[in-house]
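Fold and geometry: a report
Each chain, written out:
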Amino acid sequence: SQTIHQWPATLVQPVGSPLSLECTVEGTSNPNLYWYRQAAGRGLQLLFYSVGIGQISSEVPQNLSASRPQDRQFILSSKKLLLSDSGFYLCAWRTGINQPQHFGDGTRLSIL
Amino acid sequence: QKEVEQDPGPLSVPEGAIVSLNCTYSNSAFQYFMWYRQYSRKGPELLMYTYSSGNKEDGRFTAQVDKSSKYISLFIRDSQPSDSATYLCAIFNNDMRFGAGTRLTVKP
């Protein structure tokens, strides 16, 4: 069966520090991968998605970037965090265009 | 107008009640419909997935889709305290759109 792992679960970072969040999927190959940010009461905001290694699409201009160095690995990064980057970050995958997305358990990021 | 509208609640019901959660959407091109359940500090978990109008049942949960009205519902029968969570509707064709989520509390 397929599983998705996200780490860390919780992260507290100072303003201006770098960020690296990692997501890996097991039990499937060539998944579509997604990064979302979830703000309380505001739903899920799609940040990046990837249909293959090295292929990244950005949905909104921001202080963040994403990379997909391996088929089942998706990384969310920032060189300098802003206070507004605080939030709950979720990674998701799906196998095909008409299939539902499956989510990891997220990383709660607090910027001080 | 948002593509998916969902009442954020919060919704509080006694144990054993029937719960009705609803979403409306604006674009008839969306053909696939889902409900996710999200516990506090966890990621959304897929509950129901359907692509046709009508009802789909899974245990105590029933998903209902009315494409003509662009209206989707999730019914929970015999609600339990363990059903307390935020429920998100989602629709997609090529792109996925989520509702903001309805926070449900089932009181023992």
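The following paragraphs examine the structure supplied in this document. Fair warning: this is a prediction, and the values are worked out from it, not measured in the lab.

**Topic: the state of the cysteines**
Residue and element names in this part refer to chain A. Evaluation of the coordinates by the stated rule reveals two disulfides over all chains. The disulfide partner of Cys-23 is Cys-91, and the S-S distance across this bridge is 2.0 Å. The S-S bond linking Cys-23 to Cys-91 shows a torsion near -75°; that makes this disulfide left-handed. Taken together, the positions of Cys-23 in strand S3 (residues 19–26) and Cys-91 in strand S9 (residues 87–94) put the pair 68 residues apart, joining distant regions of the chain.

**Topic: the sheet that holds strand S1 (residues 3–7) of chain A**
Residue and element names in this part refer to chain A. In spatial order, the strands read S1-S3-S8-S7; together these four strands make up an open sheet with antiparallel pairing. Strands with a single pairing partner mark the edges of an open sheet, and in this sheet they are S1 and strand S7 (65–70). On average, each strand axis in the sheet is tilted by 20° relative to the strand beside it, whichever way the strands run. Here six bridges tie S3 to strand S8 (residues 73–78), and the two strands are oriented antiparallel to one another. Bridged to Leu-19 within S8 is Ser-78.

**Describing the interface of chain B and chain A**
Chain B puts 18 residues into the contact, and the matching count from chain A is 19 residues. When chain B packs against chain A, the two sides together hide about 1500 Å² of surface, and 56% of this comes from carbon and sulfur. Ranking the residues of chain B by area buried against chain A places Arg-41, Pro-44 and Phe-98 of chain B at the top, with a combined share of 29%. Joining chain B to chain A, the criterion identifies one salt bridge. Residue Lys-42 of chain B is joined to Asp-105 of chain A by a salt bridge in which the shortest nitrogen-to-oxygen separation is 3.7 Å.

Conventions used here
- Residues numbered from 1 in each chain as written.
- Chains lettered and ligands numbered in written order.
- Predicted model: local features only at pLDDT ≥ 70, side-chain atom pairs only at ≥ 80, totals over all residues.
- Heavy atoms only, no water.
- Disulfide = S-S within 2.5 Å.
- Helix = DSSP H or I, 4+ residues; strand = E, 2+ residues; numbered from the N terminus.
- Pairing = 2+ DSSP bridges.
- Axes fitted to C-alpha atoms, helices over the stretch in contact; angles between N-to-C directions.
- Contact = heavy atoms within 4.5 Å.
- Buried area = accessible area lost by both parts, 1.4 Å probe.
- Salt bridge = Lys/Arg side-chain N within 4 Å of Asp/Glu carboxyl O.

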